[in-house]
Amino acid sequence: EHRWWSAHCAKCTDADRPQEWIPCSERLPEESGDYLTYSAISFIPDHIDDPNIRKDIAIAYYYRPFNEWVGTRVEKVLAWMPLPKSYKGADNEDA
């Protein structure tokens, strides 16, 4: 639990709450759709052994009927989270 959440967001709703990574080993999304994913990638040459280089964050589509992740760089999805809400700037902001 984020400390600032309880200290500064007493009036915030759950939708405003910061998202946490959800391990695929715990559960998968209940609906098909786009999600932020944290994946292991294997196309990095074997001589590069830095484990951080072999991970990638990307947006992928989860297809619930087949329990399958679709997209580039989503070879083995380790964790996921819902996408944040779209940005809504001030009315006078330039697009």
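Residues numbered from 1 in each chain as written. Predicted model: local features only at pLDDT ≥ 70, side-chain atom pairs only at ≥ 80, totals over all residues. Heavy atoms only, no water.

**Concerning the packing of aromatic side chains**
Line of reasoning, step 1. Using the criterion set out here, one finds five aromatic pairs in the structure.
Line of reasoning, step 2. Between tryptophan 21 and tyrosine 38 the ring centres are 5.9 Å apart and the planes differ by 55°, which places this aromatic pair in the tilted class. Here the residue tryptophan 21 occupies a position in the loop between helix H1 (3-8) and strand E1 (22-23), and tyrosine 38 occupies one in strand E2 (residues 33-40), the gap between them amounting to 17 residues.
Line of reasoning, step 3. Look at tyrosine 35 and tryptophan 80: their rings are 5.3 Å apart centre to centre, the planes differ by 80°, and that puts the pair in the edge-to-face class. Linking tyrosine 35 in strand E2 with tryptophan 80 in strand E5 (residues 76-82), this pair joins segments that are 45 residues apart in sequence. (Phe/Tyr/Trp six-rings, centres within 6.5 Å; stacked < 30°, edge-to-face > 60°. Helix = DSSP H or I, 4+ residues; strand = E, 2+ residues; numbered from the N terminus.)

The values are spatial; any link to function lies outside them.
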